[in-house]
Each structure stands twice: as structure tokens, then as C-alpha cells.
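Observations on the three-dimensional arrangement
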Amino acid sequence: MQPTDAIAAPRCGALSKKLFAVAKEFIPGGVNSPVRAFRNVGGEPFFVRRAAGCRIEDIDGKTYIDYIGSWGPNILGHAPVAITNIIHEVAKSGISFGIPNPFEVEMARTICGWVPSVEKVRMCNSGTEATMSAIRLARGFTRRDLIVKFDGCYHGHSDSLLVAAGSGALTHGEPDSAGVPRAFAEKTLVLPYNDPAALEHLFATRGEQIAAIIVESYPANAGLVFPQPGYLDLLVSITRNYGALLIFDEVMTGFRLGMAGVQGIENLTPDLSCFGKVIGGGLPVGAFGGRADVMDLLAPLGPVYQAGTLSGNPLAMAAGLAQLKELAGTAYLQTRPAAGADTPPNGYTRLDQLGAHFESGLRALLTEKGVPHRLNRVGSMFCLFFADRDIINVSDVMKQDLEFFKKFFWGCLDKGIYLAPSPYETGFISLAHSEADLDDTLTVFGEVLTKI
Ligand SMILES: *Cc1c(COP(=O)(O)O)cnc(C)c1O
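Residues numbered from 1 in each chain as written. Predicted model: local features only at pLDDT ≥ 70, side-chain atom pairs only at ≥ 80, totals over all residues. Heavy atoms only, no water.

Considerations on the packing of helix H13 (residues 402-414) against helix H14 (residues 435-451)
Closest axis-to-axis distance for the H13/H14 pair is 9 Å, and the angle between their directions is 130°. Here H13 lies oblique to H14, going by the angle between them. Here H13 and H14 pass one another in a crossing that is right-handed. Where H13 abuts H14, its residues Phe404, Lys407, Phe408, Gly411 and Cys412 lie against Val444, Phe445, Val448 and Leu449. Broken down by class, the residue content of the contact of H13 with H14 amounts to seven nonpolar, one polar and one charged. (Axes fitted to C-alpha atoms, helices over the stretch in contact; angles between N-to-C directions. Helix = DSSP H or I, 4+ residues; strand = E, 2+ residues; numbered from the N terminus. Parallel < 35°, antiparallel > 145°, perpendicular 65-115°, else oblique. Left-handed = near helix turned anticlockwise from the far one by under 90°. Contact = heavy atoms within 4.5 Å. Nonpolar A, V, L, I, M, F, W, Y, C, P; charged D, E, K, R; others polar.)

Focus on the nonpolar core
When a protein is soluble and globular, its nonpolar side chains tend to lie buried together. Ranked by internal contacts, the top residues of the largest apolar core, which has 40 residues, are Phe150, Leu199, Ile213 and Leu235. Within the residue set of this core, elements represented by two or more residues are strand S5 (146-150), strand S8 (188-191), helix H6 (196-206), strand S9 (210-216), helix H7 (231-242), strand S10 (245-249) and strand S14 (381-385). No other element matches H7, which puts six residues into this core. Summarising the domain contributions, this core has at least three residues from each of domain 1 (14-79 + 346-451) and domain 2 (81-332). Look past the residues within four positions of Phe150 in its chain and what remains in contact with it is Val190, Leu191, Pro192, Tyr193, Leu199, Ile213, Ile214, Val215, Tyr231 and Leu235. Counting 38 residues, the second largest nonpolar core, distinct from the first, contains Phe358, Tyr418, Val444 and Leu449. (Core = buried A, V, L, I, M, F, W, Y, C linked by side-chain atoms within 4.5 Å. Buried < 20%, exposed > 50% of the residue type's maximum accessible area, 1.4 Å probe, protein only. Domains from an automatic or database assignment.)

Some thoughts on the pairing of S9
Burial within S9 is extensive, with seven of its seven residues counted as buried. Note: S5 against S9, three bridges, orientation parallel. Paired with Val148 across the bridge in S9 is Ile213. One ladder, built from five bridges, connects S9 with S10; its direction is parallel. Bridged to Ala212 within S10 is Leu245. Regarding the hand of the β-α-β motif, the stretch spanning S9, H7 and S10 is right-handed. (Pairing = 2+ DSSP bridges. Right-handed = clockwise from strand over helix to strand, strands pointing away.)

Description of the domain arrangement of the protein chain
When the parts of a complex come together, some accessible area is lost, and that lost area is often used as the size of the interface. Each assigned domain of the protein chain is listed here: domain 1 (14-79 + 346-451) and domain 2 (81-332). Relative placement of domain 1 and domain 2: their C-alpha centres are 26 Å apart. Both sides together, the interface formed by domain 1 and domain 2 hides about 2500 Å², and carbon and sulfur atoms give 65% of it. Put simply, domain 1 and domain 2 have zero salt bridges between them. Our count for the contact surface shared by domain 1 and domain 2 stands at 11 residue pairs in polar contact (both at pLDDT 80 or more). Secondary-structure elements contributing two or more residues to the side of domain 1 that touches domain 2 are helix H11 (347-369), strand S13 (374-378), S14 and helix H12 (394-397). (Buried area = accessible area lost by both parts, 1.4 Å probe. Salt bridge = Lys/Arg side-chain N within 4 Å of Asp/Glu carboxyl O. Polar contact = N/O pair within 3.5 Å; in protein donor to acceptor, adjacent residues only side chain to side chain.)

Digging into the sheet that holds S14
On the basis of which strands lie adjacent, the open sheet formed by three strands has the order S13-S14-S16 and antiparallel pairing. Among the strands making up the open sheet, the edge pair consists of S13 and strand S16 (427-428). With five bridges connecting them, S13 and S14 associate as antiparallel partners. Looking across to S14, one finds that Leu375 is bridged to Leu384. Relative to S13, H11 is tilted by about 170°, and along the sheet it contacts S13 and S14.

Some thoughts on the sheet that holds strand S12 (residues 286-290)
One open sheet holds the seven strands; their spatial order is S4-S12-S11-S10-S9-S5-S8, and the pairing between them is mixed. Only two strands of the sheet have a single neighbouring strand rather than two, namely strand S4 (120-124) and S8. Along the sheet, successive strands turn relative to each other by an average axial angle of 20°, direction set aside. Relative to S12, strand S11 (residues 272-276) runs antiparallel, the two sharing five bridges. Considered in S12, the bridge of Ser273 is made with Gly289.

Some thoughts on the site of the ligand
Around the ligand, the neighbouring residues are Ser126, Gly127, Thr128, Tyr154, His155, Gly156, Glu216, Asn221, Asp249, Val251, Met252 and Lys277. A distance of 2.8 Å is found between an oxygen atom of the ligand and a backbone nitrogen or oxygen belonging to Gly127. In this structure, a nitrogen atom belonging to the ligand sits 2.7 Å away from a side-chain N or O atom of Asp249. When the free accessible area of the ligand is taken as 380 Å², the share hidden by the protein chains comes to 84%. Within the shell around the ligand, the residues separate by chemical class into three nonpolar, six polar and three charged. (Near = heavy atom within 4 Å. Areas by Shrake-Rupley, 256 points an atom, 1.4 Å probe, with all protein chains shown as cover.)

Some details on the environment of Phe405
Relative to the helices and strands, Phe405 is located in helix H13. Overall, the relative accessible area of 7% leaves Phe405 in the buried class. Remark: the alpha-carbon pair of Phe405 and Ser273, spanning 132 residues in sequence, is separated by 33 Å. Contact partners of Phe405, with chain neighbours within four places excluded, come to Val41, Phe386, Ala420, Ser422 and Pro423.

So, in C-alpha cells, the structure goes:
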């Protein structure tokens, strides 16, 4: 395909433009989380006035079909009645108490009921807190300091996890942000993902010092990448052999890809798991849980300190529970379907249908247009790469055609389709998307691709 200038330069509406100028005066970069600034696509963000179902409307009155869903939490779509009603109702009785409330217990029983590896769980306020606390707990349990993470996996922004691969295969990690002390980064070892030999070599040399491996169960923060056959089993066996813990970061995949997340799909039992996003129903939330003998080391029972003023607040718990009920049906709250039992069709079945519908239409379209691509999809998560090679780790992800992506992004936005403003993000379909919405999206994709 010949690049042309047929796609208009980045633009946003006049009111958004004005408000962003004000925002930049008072907020660093004008945003409260960096990806929202649209830097990866070279432009400026729009401001949202309201959203309902799969659509959002900006303050200039333009509407978009949304494939971000607040970066994952909004699996029912925007402002679902089941959640907005419960928030109104619960808030009338108080917003936060800092004393136990019944919703916390129902949430904990539900998570433990749905995810077999989780025997006990503690709620916190973000995915970042969940992974940070799980790592502290793993270090406290094993009395070891080193942790292993994988290049391209994102686990939030705590110091131990904002670490990038060093130059040599077995060197310690390098800070991936200013302000992270080198002394912290040295305790985090960073490996390439999907590379069993590198993992085995590291454990053979330093396995006795490693407290835990933390991994995104399906890495979805640098594109969407799947584990090669046997790779996750290797993570389980190698941690067991060396007395380290395996931490599954299911902040994105948990409660999105079925009742038990990726560990349910892959039938694996990590020692600890981290959650967030979907279990808060759109309110700030995180959770980490797993083996009872490990979890019982947390204060007040044990010596590993962890706390939170707003943790388990009734609004987030009630909103999250309402979301889970809509997804799986009330019958399954707090109980796990018997192993091997057929679960009746539920929200997850429907999300998978929608995902498959979108995938097959998109594959056909890209083939028809002759666009080199790789499309990774599982359930309601998808990532389209403009690349002509298989994508199995972050270095493959970095080799996609970024200029092509930018044109595609702006072309789609112009025509009312909102994709993540970065080629490194996963797209999300919600239960509020219909087949017709997906087909309309594909029509726009076709028009945009013709012009690139
Ligand atoms: C979003 C995300 C986090 C961080 O969660 P926050 O709530 O943004 O702190 C951690 N891990 C994964 C896999 C995520 O997708």
C-alpha cells in the first residue's frame, strides 16, 4: 500500500483543545496517567462528557464506539444500570467506614469461590498496590530478596516493578524510571518472555535466592502475547523446584477471561494472584490472594505489613459484586461450578461469541485489503499488529509498523471508532457491544485502510 496524505492530521474538537490547554497548566502533561496524553500517536486527547453502553461522547458532542472501556474495568459497557443503581443505593448508607462491612466478606467469598488457587484474599485499591503487596508477601514468606519479571510485562508502577532488562542476559535489572534507586532495581531480574532456556539458566545459577516470579498471565500491556505451549507449566514447575513462589498478575485478565481468569483456562495453580480492573465495576480496586499459608503471613496475623484506608470500601465492593453477578449469573456467586460441570451460557460465553465474530470479520477484511498483520485475540481481548512476523515477545511487538498504526488510529477516531491511542495496548469488547456495532466498526476499518 502506498502511504498518502489522505488521512487528516491529528485533531480534536475545539472544546477539548481548549480544556487540554488549561489541564496542562495545572496537571503535569494535562493527564493523570501518561497514556491518556496521546503521545504515542502524536496528538491531543479529547475530553469525555458522558458514556453509555459501548459509546462515549466527547465535550464537543462527537460520539465514538469505545474499545478501551476505561482500560479494562467496564466489561458490561459504560454506566450499566446494575452498577449505577447499586452505587446510588449503597452510598445512601455511607461511603467508607474503615471498619469491616458485609460486602467485603461477600467479595472475598466470591473471589475464593471462583478462583480455585485463591484460598484467602485481601482487597486493596489498585492493581499497583496488589502486585506491590504480593511481592512483599512473597519476599516475607521465602525470606529471599530477588524477584523475576519479564520484559514487556507491566505490573503497575511500584519501584520494584518499574525495572527494565539490563544489557547482559544474567545482569540485574535497570531502573525503568527516574527516581527508582539502582539498589532496588538490582533486586529485580528481568528475562525475555517465552524463552525457557533463559529461565532455566537463571534458576540454575541463582534459583536459591529468588523469592518469586511475577508474570502477566497473558501479557497484555505490550500488545497481547500468548505463552508458547508448556511455558506456563515451566513457570509452575521451576518455582516449585526452587522453593520460590509464582505470582500471576491477572489484574487485566482476571474476571474478564472467564470466572477463573487465565489460570482457569490453562488449568494452573499459581501460589499468589493479583486482581483489579473488572472486580471494581469501574471504581478503584485491587486484590491479591492465594495459598492460605502464605496469605496468613499478612498483618495482623503475621509480620508482613500491608494496609489501606479505603480498602474494601462498600461502594467498590458492591459495584464489583454487581458486575460479577451480571457476568456469571447470581447462582454462582460464592460457589464454584463442580469441576468439569457444564456452566450454562453466561456473560463470558457471550463475550467470547462477540470476540470471535469480530476476529473473523477483521481477518477477512485485512486479507481482502492485503494488509500485513497479526491478530491476537482471546475472549473479549484483542490486539491487531501491523507486522508480518509472529509476535511472541516485546521485541517482536516493537517491530510493528508504527506509522501505519498512527494513520489507522486517527482515521478511525475521525470516523467515530475509539481504539487505544497506542500500538502497545489491548482492545476490549464489552457486553454492551452488539454484532451490529462490531460490523459498523469493521466497515470503518475498511474505509480507513483503503485510504492509508
Ligand atoms: C492495569 C494493570 C496493573 C496496574 O493496575 P492499576 O490499577 O492501574 O494500578 C497491573 N498489572 C496489570 C497486568 C495491569 O493490566
